[in-house]
Amino acid sequence: MPEDTGGEDGQKQDLVPTVGVATAGVLRFSEERDPAVLTQFVRLRVIDPEGAYWRRGIEAATRWLRETGSSELRVPYTFVCPEDWDSSAGHPLGVWGADQRRHYAAGTLDAKRGAALENLGMVWSVHASAWDAGLAVARDYATVHGRCLPGAAVAWDGFPLGPG
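Remember, it's a predicted structure, so these values are computed and weren't measured experimentally.

So what exactly am I meant to see when it comes to the confidence of the model for the protein here?
Close inspection of predicted coordinates is inappropriate for parts of the model with low pLDDT. Residues with a pLDDT of 70 or more make up 74% of the protein, whose mean pLDDT is 80. No element of the protein has a lower mean pLDDT than helix H1 (residues 21–27), which averages 60, and none a higher one than helix H5 (residues 111–119), which averages 95. Here residues 1–5 is modelled with pLDDT under 50, and outside its nearest four sequence neighbours on either side it reaches 8 contacts, counting other chains as well.

How do you make sense of H5 when you look at a structure like this?
Think of an α-helix as turning once every 3.6 residues; residues three or four places apart then point the same way. Along H5, the residues that are buried comprise Arg 113, Gly 114 and Leu 117. Take H5 and look down its axis: the buried residues cluster within an arc of 100 degrees, on one side only. Counted as exposed and oriented over 90 degrees from the buried face of H5: Ala 111, Lys 112 and Asn 119. Two or three places before Lys 112, at the opening of H5, Asp 110 has a side-chain oxygen 3.0 Å from that residue's backbone nitrogen.

Mind showing me how you'd approach unusual backbone geometry here?
One non-glycine residue, Asp 157, lies in the positive phi region at around 55 degrees. Examined against the element boundaries, Asp 157 turns out to sit in the loop between strand E1 (155–156) and strand E2 (159–160).

How should I be thinking about the packing of aromatic side chains in this particular structure?
Each aromatic ring pair is specified by the distance between its two centres and by the angle formed by the two planes. Tallied over the entire structure, the rule returns 4 aromatic pairs. Taking the centre distance of 5.3 Å and the plane angle of 40 degrees together, the rings of Trp 54 and Trp 96 count as tilted. You can see Trp 54 sitting in helix H3 (residues 49–68) and its partner Trp 96 sitting in helix H4 (residues 93–106), a full 42 residues away along the chain. Accessibility expressed as a relative area gives 10% for Trp 54, which makes it buried.

Honestly, the nonpolar core in this entry has me stumped. Any pointers?
The tendency in soluble globular proteins is for nonpolar side chains to be buried as a group. One finds Trp 64, Leu 73, Leu 93, Trp 96 and Leu 117 to be the most contacted residues of the largest nonpolar core, which totals 17 residues. If you tally residues by element for this core, the top one is H3, at 6 residues. If we ignore the near neighbours within four places in the chain, the residues touching Leu 73 are Ala 61, Trp 64, Leu 65, Arg 101, Leu 117, Leu 120, Gly 121, Met 122 and Val 123.

How do you make sense of the side chain of Asp 99 when you look at a structure like this?
Topologically, Asp 99 is positioned in helix H4. Given the relative accessible area of 19%, Asp 99 is considered buried. A distance of 3.3 Å separates polar atoms of two side chains, one belonging to Asp 99 and the other to Tyr 53.

Would you take a moment to explain the environment of Val 126 for this structure?
Its place among the elements puts Val 126 in helix H6 (residues 126–145). Counting along the chain gives 52 residues from Val 126 to Arg 74, while the straight-line C-alpha distance between them is 7.4 Å. Discounting chain neighbours no more than four positions away, the residues touching Val 126 are Arg 74 and Arg 101.

Scoring rules and cut-offs
Residues numbered from 1 in each chain as written. Predicted model: local features only at pLDDT ≥ 70, side-chain atom pairs only at ≥ 80, totals over all residues. Heavy atoms only, no water. pLDDT = per-residue confidence, 0-100. Helix = DSSP H or I, 4+ residues; strand = E, 2+ residues; numbered from the N terminus. Contact = heavy atoms within 4.5 Å. Buried < 20%, exposed > 50% of the residue type's maximum accessible area, 1.4 Å probe, protein only. Arc of directions from axis to C-beta. Polar contact = N/O pair within 3.5 Å; in protein donor to acceptor, adjacent residues only side chain to side chain. Phe/Tyr/Trp six-rings, centres within 6.5 Å; stacked < 30°, edge-to-face > 60°. Core = buried A, V, L, I, M, F, W, Y, C linked by side-chain atoms within 4.5 Å.

Printed below as a string of structure tokens:
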């Protein structure tokens, strides 16, 4: 946070937080601005900040899928979008995804948002997804070997199957 600085008369001045270049342009009332841009700014920053969080998350999720080449939206909880991701830079995508799962499980996720996440391949239950992946590997192993009784150190397709 910036430090208090004395004014010309030695009085302390009010601290004004710094804003980004785009925000400063919208807030500069001495210049003519596009009313639609001003309306969007007020709606996103004042009226509907949760909606902005959602839009930033869905954009970041789409980018994550493209960058990773994954077909499932299963972002690690600690993942934060890198600085070179433009409008999504610094967005806590892993936490955002966990929030969406929590809302989904509680039945409070908007149906349109749920559908948008479904279209991206959202993994609603990380545990169920891991179970399904392990079961598919075990079935493949059993198909090849005629049974599913692997040794303690057996791995199949990079997945450990043994009991130990």
